[in-house]
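The chain contents come next:
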Amino acid sequence: MPKDARSARSDGGAKSAKATKGKGSGGPAKPKDARRGGVSPLLIGGAVVVALVVAVVVGLRLEGGDPDGESPDAASVVDHIDAEQREWGQALARRTADDPMALGSADAPVVLVAYSDFACPYCATWAQETQPELVKRYVDSGDLRIEWREFPYLGELSQTLSVGAVAAGEQDAFWEYQEAVFDRQDELKSASDPDGVLDEIVEELGLDSERFQEDLGAERSGISVGHDFVEGQQIGVSATPAFVINGDPVMGAQPLDVFVRSVDTALAAAGE
């Protein structure tokens, strides 16, 4: 995440961050309240669920689940979003002013909710290539807010990295953590001792390692990850990256123009 991206997170925006390490148990933690900051499945209209599930299926077919394959270049599945789905998309956004895992103003007219797994290569591609462009084009101007959600579905390492992201956020370092972990994703996935690599990341980012370890082992950190994971499942997410932009589902690390088109359409619908 470029330095200027972090400056966009004032007051109504989320705080910036560094990167860190997480040692957690395999699989997402079970939340005490799966709807925290999210949306109850009872509030999601049938048409919305169908649209998102279709988008997930198409997105998975485009990506093929092959980390070495080419990035998908198809456009967003949904070309028109009705008022009801736009309203649902707004309800999905948490808009918490001090959310350390969000970039941009809390009252931005468009909110992009991103479900991601730190072990997912397509998530890394999106965060490294598309996210910075969206920050420059829309977040810095106050038109867009990016809210990150943890969706660790690829195994124990994914869960560890997600809990580590929460711990990093406790030190106002989520975005630096995101950048560092994605930069060293291949190393983390191939290492015989990924915890050692994460220890290096924590040290390099200048985090308080003792505090980080405490937050890493705290029940609330696992619960936070569980909230995100269950929220994603409730709306039909089954793989990453998955995005909802004011109700418009975009699946996979699509090209930048897909996101630009979706954000511009959402801005127009919001009267911006």
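One can find the structure itself at the top, above this paragraph.
Residues numbered from 1 in each chain as written. Predicted model: local features only at pLDDT ≥ 70, side-chain atom pairs only at ≥ 80, totals over all residues. Heavy atoms only, no water.

Caption draft 1: Spotlight on helix α11 (residues 256–269). Taking 1.5 Å per residue as the helical rise, α11 with its 14 residues ought to reach 20 Å, and the 20 Å between its terminal C-alpha atoms agrees with that figure. Of the residues making up α11, those classed as buried are V258, F259, V260, S262, V263, A266 and L267. For α11, the secondary structure elements touched by its buried residues are α3 (83–92), β2 (110–116), α4 (121–139), β3 (144–150), β4 (242–245) and β5 (248–251). G271 sits one or two residues past α11 and shows a positive phi near 80°. (Helix = DSSP H or I, 4+ residues; strand = E, 2+ residues; numbered from the N terminus. Expected span 1.5 Å × (residues − 1). Buried < 20%, exposed > 50% of the residue type's maximum accessible area, 1.4 Å probe, protein only. Contact = heavy atoms within 4.5 Å.)

Caption draft 2: Main features of the pairing of β2. The buried count for β2 comes to seven of seven residues, which makes it a mostly enclosed element. Residues V110, L112, A114 and S116 line one face of β2 and the alternating positions V111, V113 and Y115 line the opposite face, and both faces are buried. By the bridge criterion, seven bridges tie β2 to β3 in an arrangement that is parallel. Counted as the bridge partner of S116 is E150 from β3. Handedness of the β-α-β unit built from β2, α4 and β3 comes out right-handed. Direction of pairing for β2 relative to β4: antiparallel, over a ladder of four bridges. Residue V113 lies in a different strand from β4, and its bridge partner there is V244. (Pairing = 2+ DSSP bridges. Right-handed = clockwise from strand over helix to strand, strands pointing away.)

Caption draft 3: Structural context of the pattern of salt bridges. Scanning the entire structure with this criterion turns up 11 salt bridges. The salt bridge partner of R94 is E231, with a shortest N-O separation of 3.3 Å. Taken as a pair, R94 in the loop between α3 and β1 (102–103) and E231 in helix α10 (residues 219–234) lie far apart in primary sequence, 137 residues in all. By relative accessible area, which is 1% here, E231 ends up buried. Across the pair E200 and R184 runs a salt bridge, and its minimum N-O distance is 2.7 Å. Taken together, the positions of E200 in helix α8 (residues 194–204) and R184 in the loop between α6 (174–183) and α7 (185–190) put the pair 16 residues apart, joining distant regions of the chain. Note on E200: relative accessible area 37%, which makes it partly exposed. What makes R184 buried here is its relative accessible area of 16%. Sharing partners across several salt bridges, the network here consists of R94, R145, E147, R149, D228 and E231. (Salt bridge = Lys/Arg side-chain N within 4 Å of Asp/Glu carboxyl O.)

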